[in-house]
Amino acid sequence: MKVAIVHYWLVNMRGGEKVLQALLELFPEADIYTHVYDPKVMPESINARKVYTSYIQKLPLAKKLYQKYMPLMPNALCGFNLQDYDLVISSESGPAKGVIPNPTAYHICYCHSPMRYLWDMYHEYFQKTNPLVRFFMKRLVPGLRLWDVCSANLVDLFIANSSYVAKRIKRYYNREAEIVYPPVDLCKFFSVQRNPKDFYLFFGQLTGYKRADIAIEACIASGRKLVVAGSGGKAAEKRRYEKSGLVRFAGRPSDEEARELYSSARALLFPGIEDFGIIPVEANAAGCPVIALRKGGALDTVKEGITGLFFDEQTPASLVQAMDRFESIEGRFADRAPFAAHVEQFSGQAFREKILGIVAERKRS
């Protein structure tokens, strides 16, 4: 088969780009199509391929302001000529699935998330932006939503990265989706030797929806120590929290530092709502329990009573109750074997087998 992979943009290396790398390993002759491409920040596994960009690439400061050009992207996708390809895989989080395959091609959309700024997080984005952007959002978003729903008809099969995303695909596009978890590099965490100390861990970029504030306020209110690992956040706010003597901001950790944090923390606190959430999987692979909000991708990545616990309300008080419950049964999480068995479903091998199985099934049909 001749394969094309359409990825929304290639300007940083995050979870979506790691899925792209895994797809490229499965389809070593595949070509890449994307709106904006910055080879300086991409690994050799991507730079070694043919990468075709849309006209967005040529617009001013596209590598930095690519999201501002999002209203132009549906039109830009029309410029990709995919008529020679037998299999098209669109990697969707920004506009990607709206390409036009040839009539006999098979189009799989691996959906990391329906575009949040069009759907469930529209109001949050709207409130945080400036009046000029709000003016354009009010006028452009309804049309973009219509295009987003219509372009779902160009997809033969949706794949979701979690049950949570599958439900959102059903809600917005009225389409069923198979679930294939993204590949996580588990091996580097299996060898971690657990040595829990007297602190909890929050790990992630300090942006609003990850809700680091809930973890911080819960620990301060209950007199527990917390290490916050991740970049971002306001300096004045960090200083205010650090005055409690209970909270330490560790910045963005290296891989080795992350391993050390997972090995030493009593548990990872996960109060945000993620589409999938790789951090709980990494923590569990290292034998670190997770205390997570009972929503989002955590419902797939955390096994209650086996690899962690849930709390039901996105409030510090609800999290404190969960930490109290966790400490009363903490010894139950000392055995590493259930953790290792649980996270195997998120391995690179599991991802490869499922994707290849889907493609093989298509060939037989």
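Note that this is a predicted model, so its numbers are computed, not measured.

Peer 1: Kindly report on the pattern of salt bridges, identifying the contributing residues and their values.
Peer 2: Under the criterion given, the structure shown has 19 salt bridges. Between Arg116 and Asp120 there is a salt bridge, with its nearest N and O atoms 2.5 Å apart. Looking at Asp120, the relative accessible area reads 32%, which means it is partly exposed. Note that Arg240 is salt-bridged to Glu237, the shortest N-O span being 3.9 Å. Highlighted residues: Arg240 and Glu237, both in helix H10 (residues 235-242), separated by 3 residues, approximately one helical turn. Several salt bridges share partner residues, and in doing so they unite Asp198, Arg224, Arg266, Asp324, Glu327 and Glu330 into one network.

Peer 1: Report on the environment of Glu260, specifying residues and quantitative values.
Peer 2: Secondary-structure assignment places Glu260 in helix H11 (residues 255-264). Separated by 66 residues in sequence, Glu260 and Arg194 have C-alpha atoms that sit 8.9 Å apart.

Peer 1: So what's going on with the side chain of Lys97? Which residues, and what values?
Peer 2: Along the chain, Lys97 turns up in the loop between strand E4 (87-92) and strand E5 (106-111). Lys97 sits in the buried class, given a relative accessible area of 0%. Separated by 2.3 Å, the side chains of Lys97 and Asp148 make a polar contact. One polar contact links Lys97 to Ser151, side chain to side chain, over a distance of 3.2 Å.

Peer 1: Quick one: what's the story with the sheet that holds strand E1 (residues 3-7), residue by residue and with numbers?
Peer 2: Within a beta sheet, neighbouring strands are joined by backbone hydrogen bonds and run either parallel or antiparallel to one another. What the 7 strands build is an open sheet, ordered E3-E2-E1-E4-E5-E6-E7; its pairing is parallel. At either end of the open sheet lies a strand with only one pairing partner, and these are strand E3 (51-53) and strand E7 (177-179). Averaged over all adjacent pairs, the angle separating strand axes in this sheet is 25°, with direction ignored. The pairing of E1 with strand E2 (residues 31-34) spans 4 bridges and is parallel. Bridging across to E2, Ile5 finds its partner in Ile32. Of the strands in this sheet, E1, E2, E4 and E5 touch helix H1 (residues 15-26), which is tilted by about 175° from E1.

Peer 1: Give a description of H11 that names residues and reports values.
Peer 2: Within the sequence span of H11, burial applies to Ala258, Leu261, Tyr262, Ser263 and Ser264. Buried residues along H11 sit against helix H8 (187-190), strand E8 (200-203), strand E9 (226-229) and helix H12 (278-285).

Peer 1: Go over the packing of aromatic side chains, please, and point to the residues and values.
Peer 2: Aromatic ring pairs are described here by two measures, namely the spacing of the ring centres and the angle between the planes. This structure, assessed with the given rule, holds 15 aromatic pairs. Within the aromatic cluster, the residues linked to one another by ring pairs are Tyr33, Tyr52, Phe80 and Tyr85. The ring of Phe135 carries the charged tip of Arg139 above its face, separated from the ring centre by 3.8 Å. Above the face of the Tyr241 ring, Arg240 is positioned so that its terminal group lies 4.7 Å from the ring centre.

Peer 1: If you had to explain the pairing of E8 to someone new, which residues and values would you point to?
Peer 2: Every second residue of E8 is oriented toward a common face, with Tyr200 and Phe202 on one face and Leu201 and Phe203 on the other, all of them buried. Taken together, E8, helix H9 (residues 212-222) and E9 constitute a β-α-β crossover, and its handedness is right-handed.

What counts as what
- Residues numbered from 1 in each chain as written.
- Predicted model: local features only at pLDDT ≥ 70, side-chain atom pairs only at ≥ 80, totals over all residues.
- Heavy atoms only, no water.
- Salt bridge = Lys/Arg side-chain N within 4 Å of Asp/Glu carboxyl O.
- Buried < 20%, exposed > 50% of the residue type's maximum accessible area, 1.4 Å probe, protein only.
- Helix = DSSP H or I, 4+ residues; strand = E, 2+ residues; numbered from the N terminus.
- Polar contact = N/O pair within 3.5 Å; in protein donor to acceptor, adjacent residues only side chain to side chain.
- Pairing = 2+ DSSP bridges.
- Axes fitted to C-alpha atoms, helices over the stretch in contact; angles between N-to-C directions.
- Contact = heavy atoms within 4.5 Å.
- Phe/Tyr/Trp six-rings, centres within 6.5 Å; stacked < 30°, edge-to-face > 60°.
- Lys NZ or Arg CZ within 6 Å of the ring centre and 35° of its normal.
- Right-handed = clockwise from strand over helix to strand, strands pointing away.

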